[in-house]
Amino acid sequence: MHNLKANFDKFIGLTKSFFSDRINEFDNFQNYPRNPKMSDCQIIALALTAESIGIDSESYFFGKLKSDYTSDFPNLIDRSNFNRRHKRLYPWISAFNQGLSNILNQGEDTYIVDSIPVPVCQIAREKRSKICRENFETAPDKGYSAVSKSYYYGYKLHLVTSVRGVFSSMDMSKASVHDVYYLTDVKHSLLSNCRLIGDKGYLSKEHQLDLFSSCNIRLETPKRSNQKGKEPFAYIFKKSRKRIETLFSQLCDQFMLKRNYAKSNLGISVRILSKITAVTVLQYFNFLNNKPLNKLKYALAS
């Protein structure tokens, strides 16, 4: 179904081109005492290739590489080594994601903010689970999902995208943290002089005034039914909000956002970042080929 080597070649080509002024002659971001068998750029490209074709299990992925693609990847490293280096390259993957999204979001003046639950285990295992509990500040906890009308144990992914569905900024918080607190992070992001559309979870006069006065960001949210002066939410805003909901559906379906194999906070963070970066790269391929940005399943076809 997928030519994994052909897809990898597309990702490695784009990665090396993007970081051309920041890598050395061996395609690494730093000088190693002994050059590794796989370069830093190859590690990033390999991780994004796996995510783009819906393989999020490193064990299965490396088993596939060793059984079916031995000749295509003669310098393949051990899975544990790949895992460690993948986490260490988090800042570079983030820069890659942000750089491509800045290109795709040029001229955008309207953005959407929303959040989605990211469970790490079943709620029944909450008390005995040790996943991601290495630090109290970054440990998961119990939260409520208004969509499924149930409690879950894990994190909450906050995401800002353009109305075209292209990533702009993201963050993760404990599941119990209210959505409105993410607006403080938005103020310190690259957004300014734009409109930000959110749901009722972001309704806050204090944050609305703060965003406008500090960054000239106009926050638009529907009002609650018991508020004075309630008016119908503009249809254009309702229609625009559907874009981020569709993106969340793609992340959950095609990229399996809610299936977790990580054991540490950094592990789950880099996995989620890789999934979002894979989406951005596929959108960028569609952009280069003059295709609809969000036809992600067909981005690697040409």
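From a predicted model like this one, the values you see are computed outputs, not experimental measurements.

Re the overall build of the protein
Piece 1. On a plain count of helices and strands, the protein comes out with nine helices and six strands.
Piece 2. On C-alpha atoms alone, the protein measures out to a radius of gyration of 20 Å, which is about the 19 Å that the 2.2 N^0.38 rule sets for 302 residues.
Piece 3. With the C-alpha coordinates aligned to their principal axes, the bounding extent of the protein is approximately 70 × 50 × 40 Å.
Piece 4. Taken over 302 residues, the protein has a buried fraction of 51%.
Piece 5. A fraction of 64% describes how many contacts in the protein between residues 6 or more apart in sequence connect residues 24 or more apart.
Piece 6. Of the roughly 15600 Å² that the protein leaves accessible, carbon and sulfur atoms contribute 50%.
Piece 7. Of the charged side chains in the protein, 45 are positive and 28 negative, and the gap between their average positions amounts to 5 Å.

Looking at the nonpolar core
Piece 1. One finds Leu46, Leu251 and Ile268 to be the most contacted residues of the largest nonpolar core, which totals 68 residues.
Piece 2. Of the residues forming this core, the biggest block, 11 residues, is contributed by helix H9 (residues 265-288).
Piece 3. The residues that make up this core include at least three from each of domain 1 (1-107 + 264-301) and domain 2 (109-260).
Piece 4. Counting residues in each nonpolar core, the second largest holds 15 residues, with Tyr182, Val186, Cys194 and Ile217 among its members.

Examining the pattern of salt bridges
Oppositely charged side chains may form a pair once their charged atoms are brought near each other.
Piece 1. The full count for this structure, using the stated rule, is 16 salt bridges.
Piece 2. We note a salt bridge from Arg271 to Glu58, for which the minimum N-O separation is 4.0 Å. With Arg271 in helix H9 and Glu58 in helix H3 (residues 58-68), the pair connects residues that are 213 residues apart, well separated along the chain. Like Arg271, the residue Glu58 is buried in the burial classification.
Piece 3. Ionic pairing is found between Arg241 and Asp199, a salt bridge with its closest N-O pair at 3.8 Å. With Arg241 in helix H8 (residues 235-253) and Asp199 in the loop between strand S5 (194-197) and helix H7 (205-215), this pair connects stretches of sequence that are 42 residues apart.
Piece 4. Assessed through its relative accessible area of 8%, Arg241 is described here as buried.

Section: the domain arrangement of the protein
Piece 1. Parsing the protein into structural domains produces domain 1 (1-107 + 264-301) and domain 2 (109-260).
Piece 2. Put simply, the middle of domain 1 and the middle of domain 2, counted by C-alpha atoms, are 26 Å apart.
Piece 3. Residue-level contacts link 30 residues of domain 1 with 30 residues of domain 2.
Piece 4. Counting across the domain 1 and domain 2 interface gives one salt bridge.
Piece 5. Inspection of the region where domain 1 meets domain 2 yields 12 residue pairs in polar contact (both at pLDDT 80 or more).
Piece 6. When contributions to the side of domain 1 that touches domain 2 are tallied by element, the ones reaching two or more residues are helix H2 (40-52), helix H5 (90-104) and H9.
Piece 7. If you tally residues by element for the side of domain 1 that touches domain 2, the top one is H9, at 13 residues.
Piece 8. Residue classes in the side of domain 1 that touches domain 2 are distributed as 12 nonpolar, 14 polar and four charged.

Describing the environment of Phe29
Piece 1. Within the element layout of this structure, Phe29 appears in the loop between helix H1 (4-18) and H2.
Piece 2. When the C-alpha positions of Phe29 and Ser39 are compared, they lie 8.8 Å apart, and in sequence the two are 10 residues distant.

Quick look at the packing of H3 against helix H4 (residues 79-88)
Piece 1. Look at H3 against H4: their axes get within 10 Å of each other, and the N-to-C directions meet at 125°. Between H3 and H4, the angle falls in the class oblique. Considering only the axes of H3 and H4, their crossing is right-handed. Counting all contacts with H3, which are made through Glu58, Ser59 and Phe62, the residues of H4 involved are Arg79, Phe82, Asn83 and His86.
Piece 2. For the contact of H3 with H4, the class distribution of residues is two nonpolar, three polar and two charged.

What counts and how
Residues numbered from 1 in each chain as written. Predicted model: local features only at pLDDT ≥ 70, side-chain atom pairs only at ≥ 80, totals over all residues. Heavy atoms only, no water. Helix = DSSP H or I, 4+ residues; strand = E, 2+ residues; numbered from the N terminus. Rg over C-alpha atoms; globule rule 2.2 N^0.38 Å. Buried < 20%, exposed > 50% of the residue type's maximum accessible area, 1.4 Å probe, protein only. Contact = heavy atoms within 4.5 Å. Areas by Shrake-Rupley, 256 points an atom, 1.4 Å probe, with all protein chains shown as cover. Lys, Arg positive; Asp, Glu negative; His and termini not counted. Charge placed at Lys NZ, Arg CZ, Asp CG, Glu CD. Core = buried A, V, L, I, M, F, W, Y, C linked by side-chain atoms within 4.5 Å. Domains from an automatic or database assignment. Salt bridge = Lys/Arg side-chain N within 4 Å of Asp/Glu carboxyl O. Polar contact = N/O pair within 3.5 Å; in protein donor to acceptor, adjacent residues only side chain to side chain. Nonpolar A, V, L, I, M, F, W, Y, C, P; charged D, E, K, R; others polar. Axes fitted to C-alpha atoms, helices over the stretch in contact; angles between N-to-C directions. Parallel < 35°, antiparallel > 145°, perpendicular 65-115°, else oblique. Left-handed = near helix turned anticlockwise from the far one by under 90°.

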